[in-house]
Amino acid sequence: MRLATWNVNSIRARQERVLAWLDRSDCDVLAMQETKCKDEQFPFDAFTEAGYEVAHHGLSQWNGVAIASRVGLEDVRIGFDGMPGFHKDPEVSQDPEARAISAVCDGVRVHSLYVPNGRELSDPHYTYKLEWLARLRDHAAAEVAADPRAQVALVGDWNVAPLDEDVWDMEVFAGKTHVSEPERQAFAAFDGAGFREVTREYTPGPGVYTYWDYTGLSFPKRKGMRIDFQLHSPALAARVTGASIDREERKGKGASDHAPVVVDLE
């Protein structure tokens, strides 16, 4: 099975590119983030014509997550146990955002995750990000504890650069989100819960990125970040035979600012 994750940065703007990539890449399951649409706005029919079932969760023109599968799509779940919500006004209900969806695809529980950005270290969104990651870690650990043979994939845009080599210049990121020690510790905690990041072994850095800003000619200047990952449970990680980052998909007109991250499973 070929499993991919991709922050598409608006599925309505990127529909043709995503479908063309699915055909070209021979991908079985694609987890998408930042679809930027409500459920009724998602182009389900186009994916169905291409042979994919889709589960989507979107509440507005922001966030949004989806899973497209041609190998089955069962037991769809929105969010995860204990997932916190957010509102900039603490007096307003902290409703969960459209940042997580999961489904069983050919025996694998695939979670499509769009981790909060954090904005600034002093912003309430940063505290929300750390809590969101902690609750996800607890949920994932419980899944594996309940069944050590469980095949679980936590994939998506993690908005964390775990290593210094995962950003093009650490001096530029000093004192900013994505590289702070609490964020990196939150990411590392998944390893302690039994989940292994499976793409770096096959796509080692430095200089290997999954995201490049649209401004300042970041892509041609190789000023990127590695923030999109696949974390697999022990039973699933044992099936990994390869991984790749499709940097070519960041090129050309109408590209997302992220590249697809692909893992092959035996």
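Residues numbered from 1 in each chain as written. Predicted model: local features only at pLDDT ≥ 70, side-chain atom pairs only at ≥ 80, totals over all residues. Heavy atoms only, no water.

(A) Geometry of the packing of aromatic side chains. A full pass over the atoms with the stated rule returns nine aromatic pairs. Ring centres of Phe80 and Trp132 lie 5.0 Å apart, and the angle between their planes is 85 degrees; this geometry places the pair in the edge-to-face category. One end of the pair, Phe80, is in the loop between strand S5 (74-78) and strand S6 (100-105); the other, Trp132, is in helix H3 (residues 124-146), and 52 residues separate them in sequence. Residue class for Trp132 comes out buried when judged on its relative accessible area of 0%. (Phe/Tyr/Trp six-rings, centres within 6.5 Å; stacked < 30°, edge-to-face > 60°. Helix = DSSP H or I, 4+ residues; strand = E, 2+ residues; numbered from the N terminus. Buried < 20%, exposed > 50% of the residue type's maximum accessible area, 1.4 Å probe, protein only.)

(B) A look at unusual backbone geometry. A cis amide bond, omega 5 degrees, links Gly205 with the succeeding residue Pro206. Relative to the helices and strands, Pro206 is located in the loop between strand S9 (196-197) and strand S10 (211-212). With phi around 55 degrees, Glu34 is a residue other than glycine that occupies positive phi space. Note on placement: Glu34 falls in the loop between strand S2 (29-33) and helix H2 (44-49).

(C) Looking closely at the nonpolar core. Among the nonpolar cores identified, the biggest contains 25 residues, and Trp132, Leu154, Trp158, Phe190, Phe195 and Leu231 are the most heavily contacted of them. Counting only elements with at least two residues in this core, the list comes to H3, strand S8 (152-157), helix H5 (181-192) and strand S12 (228-232). Sort the elements by how many residues they give to this core and H3 lands first, with seven residues. In terms of nonpolar packing, the next biggest core, distinct from the first, is built from 23 residues, Ala31, Val198, Val240 and Ala243 among them. (Core = buried A, V, L, I, M, F, W, Y, C linked by side-chain atoms within 4.5 Å.)

(D) Looking closely at the packing of H3 against H5. Following both chains from N to C, one finds H3 and H5 inclined at 5 degrees, their axes separated by 9 Å at the closest point. With respect to H5, the axis of H3 lies roughly parallel. Every residue of H5 that contacts H3 at Tyr126, Lys129, Leu130, Leu133, Leu136 and Arg137 is listed here: Pro182, Glu183, Ala186, Ala189, Phe190 and Gly192. Classifying every residue of the contact of H3 with H5 by side-chain character gives eight nonpolar, one polar and three charged. (Axes fitted to C-alpha atoms, helices over the stretch in contact; angles between N-to-C directions. Parallel < 35°, antiparallel > 145°, perpendicular 65-115°, else oblique. Contact = heavy atoms within 4.5 Å. Nonpolar A, V, L, I, M, F, W, Y, C, P; charged D, E, K, R; others polar.)

(E) Geometry of the pairing of S8. Within S8, six of the six residues are buried, which leaves it mostly tucked inside the rest of the structure. Bridge analysis of strand S7 (residues 108-114) against S8 gives six bridges, and the strand direction is parallel. Its bridge partner being in S8, Ser112 is matched across the sheet by Val155. Tracing the backbone out of S7, into H3 and back to the parallel element S8 gives a crossover that is right-handed. Bridge analysis of S8 against S12 gives five bridges, and the strand direction is antiparallel. When the sheet's bridge partners are listed, Leu154 is paired in S12 with Leu231. (Pairing = 2+ DSSP bridges. Right-handed = clockwise from strand over helix to strand, strands pointing away.)

(F) Local environment of the pattern of salt bridges. Across all of its chains, the model carries 18 salt bridges by this definition. The closest approach of N and O atoms between Arg70 and Asp26, which form a salt bridge, is 2.6 Å. You can see Arg70 sitting in the loop between strand S4 (65-69) and S5 and its partner Asp26 sitting in the loop between helix H1 (11-25) and S2, a full 44 residues away along the chain. Glu165 is paired through a salt bridge with Arg200; the nearest N and O atoms lie 3.5 Å apart. Taken as a pair, Glu165 in the loop between S8 and helix H4 (170-173) and Arg200 in the loop between S9 and S10 lie far apart in primary sequence, 35 residues in all. Ionic contacts of the salt-bridge type, sharing partners, join the residues Arg17, Arg24 and Glu249 into one network. (Salt bridge = Lys/Arg side-chain N within 4 Å of Asp/Glu carboxyl O.)

(G) Layout of the sheet that holds S12. On the basis of which strands lie adjacent, the open sheet formed by six strands has the order S5-S6-S7-S8-S12-S9 and mixed pairing. Here the strands that pair on one side only, and so sit at the sheet edges, are S5 and S9. Of the strands in this sheet, S6, S7 and S8 are in contact with H3, which crosses S7 at around 180 degrees.

Everything listed is a geometric property; what it means functionally is a separate question.
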